[in-house]
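# Architecture and fold: a report
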Amino acid sequence: MSVAFIRTIIIYFLVIAALRIMGKRQLGELQPSELVVTILVSNLATMSIEDSNIPLMGTVMPIFVLVSCEVLLSYFILKSPMTQKLIFGNPRIVVRNGVIDQKELRSLRWTVEDISEQLRAGGVFDISEVSMAIVETSGNLSVYQNYRSRPMSIEMDETRSGEDDPPMVMISDGKIVEDTLNYCGVDRKWLDDTLGQKQLVPKDVFIMTCNKKRSYTIMEKEGRK
Amino acid sequence: MKRVITSLVLLPLMLGFSLFSMNKVNYLEGAVLRMTTEILEASNAEETRRLIDEVEGLVSFWKKEERVFRILVRHNQVESIGIAIARLPALAKHGSKSDLQSEVLAIRWEISDIKNTEAFKLGNVF
């Protein structure tokens, strides 16, 4: 029993250390790979506590290997959008201007009840109020309501009326998102001219968002010279 | 970046430990097989004094190496070999040749089985 007691304490601190190494992302919404690692780590920890015949290193080593692989994978995902798409997939637009994209819904294996439930959870009871609804890679539904349906705010004025289409990311960490250029109805020349007005080039930009009315927001990278 | 560096340090450490584990199991298996071969030869030649010396050699070797072996391998497997080795001195002094040899063969099989399980082979991976 004393062996089980000591092992449990060791495993407890080991799992905490593992979660700390993986970082805060583990404590929020889980991506598929993060969910897999979390489940595996907990199962490995349980095995060692339940069966004292298993050497402790037989638990410590797989946990640290899993954690290291997860951290390195998330680093590669940060550096490579292609890897991110491969591992996490893409967010999928399931509602546009109040109309459900049934083909997308089928490919996600969602029913009408699933999407209705998610909309209601977001406070939307009428699908015609939805300008755009996106199923994120974590499985959550993000909803952007029509301008008329949104709660009033001080910023809403005549100059911003009618913005039913959400802004999309045009530059992400220095890389241009071509799909957003098409979405906003602009070309590379417009982008270069816009950035040029602020003496910027795409690689200087941490994030740039733009909507169909060409209303944009730019955040430069820190420490840019 | 700190986490990435921690992971880059942890992975080779774990790899190093698994290589150490494989090496240690190989070494122990080789040593036990050698000693048990000597025991079988002494038993077949009915050289009682040599047989007792070889058995005592194996017992003291196992006592020395058992603690490290426990860290690397399932404890019940280590205990099983330990129990068989513990029987050998009495069998060498007072038991029958066939009982002694069957215990020795069981030890050889178990240690080889542990080594085969730890070896990096496709069969073990799958």
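One can find the structure itself at the top, above this paragraph.
Throughout what follows, the structure given in this document is the object of discussion. What you see is a predicted model, and the numbers here were worked out from it, not measured in a lab.

### Details of the overall build of chain A
Secondary structure summary: chain A contains eight helices and eight strands in total. Relative to its full complement of 225 residues, chain A shows a buried share of 32%. At a minimum sequence separation of 6, the contacts of chain A that also span at least 24 residues come to 48%. Surface accessibility of chain A: about 14000 Å² in total, with carbon and sulfur atoms responsible for 57%.

### Observations concerning unusual backbone geometry
Residues and elements named next belong to chain A. Phi at arginine 214 is positive, roughly 65°, even though this residue is not glycine. Its place among the elements puts arginine 214 in the loop between strand E7 (205-210) and strand E8 (216-220). The exposure class assigned to arginine 214 is partly exposed, which follows from its relative accessible area of 41%.

### Side note on the packing of helix H2 (residues 48-72) of chain B against helix H4 (residues 97-118) of chain B
Residues and elements named next belong to chain B. The interhelical angle for the contact between H2 and H4, taken along N-to-C directions, is 30°, at an axis separation of 14 Å. In terms of their interaxial angle, H2 and H4 are classed as roughly parallel. The two elements H2 and H4 cross, and the hand of that crossing is left-handed. Here H2 contributes Leu51, Trp62, Phe69 and Leu72 to the contact with H4, which in turn contributes Leu100, Ile111, Ile114 and Glu118. Considered class by class, the residues forming the contact of H2 with H4 number seven nonpolar, no polar and one charged.

Reading guide: rules and limits
Residues numbered from 1 in each chain as written. Chains lettered and ligands numbered in written order. Predicted model: local features only at pLDDT ≥ 70, side-chain atom pairs only at ≥ 80, totals over all residues. Heavy atoms only, no water. Helix = DSSP H or I, 4+ residues; strand = E, 2+ residues; numbered from the N terminus. Buried < 20%, exposed > 50% of the residue type's maximum accessible area, 1.4 Å probe, protein only. Contact = heavy atoms within 4.5 Å. Areas by Shrake-Rupley, 256 points an atom, 1.4 Å probe, with all protein chains shown as cover. Axes fitted to C-alpha atoms, helices over the stretch in contact; angles between N-to-C directions. Parallel < 35°, antiparallel > 145°, perpendicular 65-115°, else oblique. Left-handed = near helix turned anticlockwise from the far one by under 90°. Nonpolar A, V, L, I, M, F, W, Y, C, P; charged D, E, K, R; others polar.

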